[in-house]
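Spelled out, the chains give:
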Protein chains: 2
Amino acid sequence: MTRSKPRVLRTLEHAGGFASAQEVYKIMQREGESIGLTTVYRSLQSLVSDKIVDVLRRDDGEAIYRLCGEAHHHHLVCKNCGKTVEIEGGAIENWAKVMAQEHGFRDTGHIAEIFGTCSKC
Amino acid sequence: MTRSKPRVLRTLEHAGGFASAQEVYKIMQREGESIGLTTVYRSLQSLVSDKIVDVLRRDDGEAIYRLCGEAHHHHLVCKNCGKTVEIEGGAIENWAKVMAQEHGFRDTGHIAEIFGTCSKC
DNA sequence: ATGAAATTGACAATCGTTTTCACTTCTGCC
DNA sequence: GGCAGAAGTGAAAACGATTGTCAATTTCAT
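Residues numbered from 1 in each chain as written. Chains lettered and ligands numbered in written order. Predicted model: local features only at pLDDT ≥ 70, side-chain atom pairs only at ≥ 80, totals over all residues. Heavy atoms only, no water.

**Brief notes about the environment of B:Cys78**
Note the threshold: To qualify as a helix, a DSSP run of H or I must reach at least 4 residues; to qualify as a strand, a run of E must reach at least 2; elements of each kind are numbered from the N terminus. Working definition: with a 1.4 Å probe on protein chains only, accessible area under 20% of the residue-type maximum means buried, over 50% means exposed, and in between means partly exposed. The contact criterion used is simple: two residues touch if any of their non-hydrogen atoms lie within 4.5 Å.
Along the chain, B:Cys78 falls in strand S4 (residues 74-78). On the accessibility criterion, B:Cys78 (2% relative accessible area) is buried. Between the alpha carbons of B:Cys78 and B:Gly116 there is a distance of 5.2 Å; along the sequence they are 38 residues apart. Setting aside anything within four residues of it in sequence, one finds B:Cys78 in contact with A:Phe105, B:Lys83, B:Gly116, B:Thr117, B:Cys118 and B:Cys121.

Encoded structure:
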């Protein structure tokens, strides 16, 4: 992808690194950028498979896209306001490795997310 | 609610304590139970506010309902053939609690899945 | 039994997301 | 430069989960 992806990425950065596809689209419209909703979705998906952004789910099921550094980390997400804290995996990393080995799995990865209600909500 | 809620609850139990609204509806249809999809949704929502069931989100955004009392466990999934092993959370449970507390989060839950390639693939 | 209130369910509407398809823009090759 | 074919784009339609509507049914207290 050539034209759209960088523009979508820039918009996501500008939005504080955290927005749904619909929101990114609306922002770009408001700023006068010419882009289709379909392309926003495709760009975001592409950015996800590039590991440039992360995708999570809000409580209502809407997907939210989030810029993410290359370091492996986990998330602590507020179900209510979407506030996200990046946290260390700590004991999990080893747990995942041991469990996988124990059952003969190779090339393993894992996801782990904690969700709840943050102090403000 | 009177007639439907217990039937939905029973179906959810029967399904292994873990299913989406659509799945519950399909199961009940198959078993010859007469119920509307709308009512399944309403019953599940009601069970959630009764704290009898939990609601999570699948990766694709579909809501899955889980019996609260159900033993909490995690999954080890083969990316290739889909084989799934239920595993214990072990160290994770505590990690999640500590992390959440540390950041002032309340009413927390977590999801953790390990994926990889199983010995056969 | 009876009327008010709660429950139910077929259907339509909504909303995020994906697919389709015709059109445009790139690309490498002559 | 021109030109095929591939890749990218976007409007509109399709899709699937969920929610709203509303008339019919059931429940419950009297």
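The rest of the description comes next.
**Re the sheet that holds strand S2 (residues 53-57) of chain B**
All names here are of chain B. Definition in use: Should DSSP find at least two bridges between two strands, the strands are regarded as paired. Throughout, an axis means a line fitted to C-alpha atoms (over the contacting stretch in the case of helices), and angles, computed between N-to-C directions, take values from 0 to 180 degrees.
On the basis of which strands lie adjacent, the open sheet formed by 3 strands has the order S1-S3-S2 and antiparallel pairing. At either margin of the open sheet sits one strand with a lone partner, and together these are strand S1 (18-20) and S2. In this sheet, neighbouring strand axes are inclined to one another by 30 degrees on average, regardless of whether the strands run parallel or antiparallel. Note that S1 and strand S3 (residues 63-67) share 3 bridges and pair antiparallel. Bridging from a neighbouring strand, Phe-18 pairs with Arg-66 of S3.

**Overview of helix H1 (residues 4-14) of chain A**
Residue and element names in this part refer to chain A. Every buried residue of H1 is accounted for by Ser-4, Lys-5, Arg-7, Val-8, Leu-9, Thr-11 and Leu-12. In this structure, the buried residues of H1 make contact with strand S1 (18-20), helix H2 (21-30), helix H3 (37-49), strand S2 (53-57) and strand S3 (63-67). Looking at the residues trailing H1, positive phi occurs at Gly-16, about 90 degrees.

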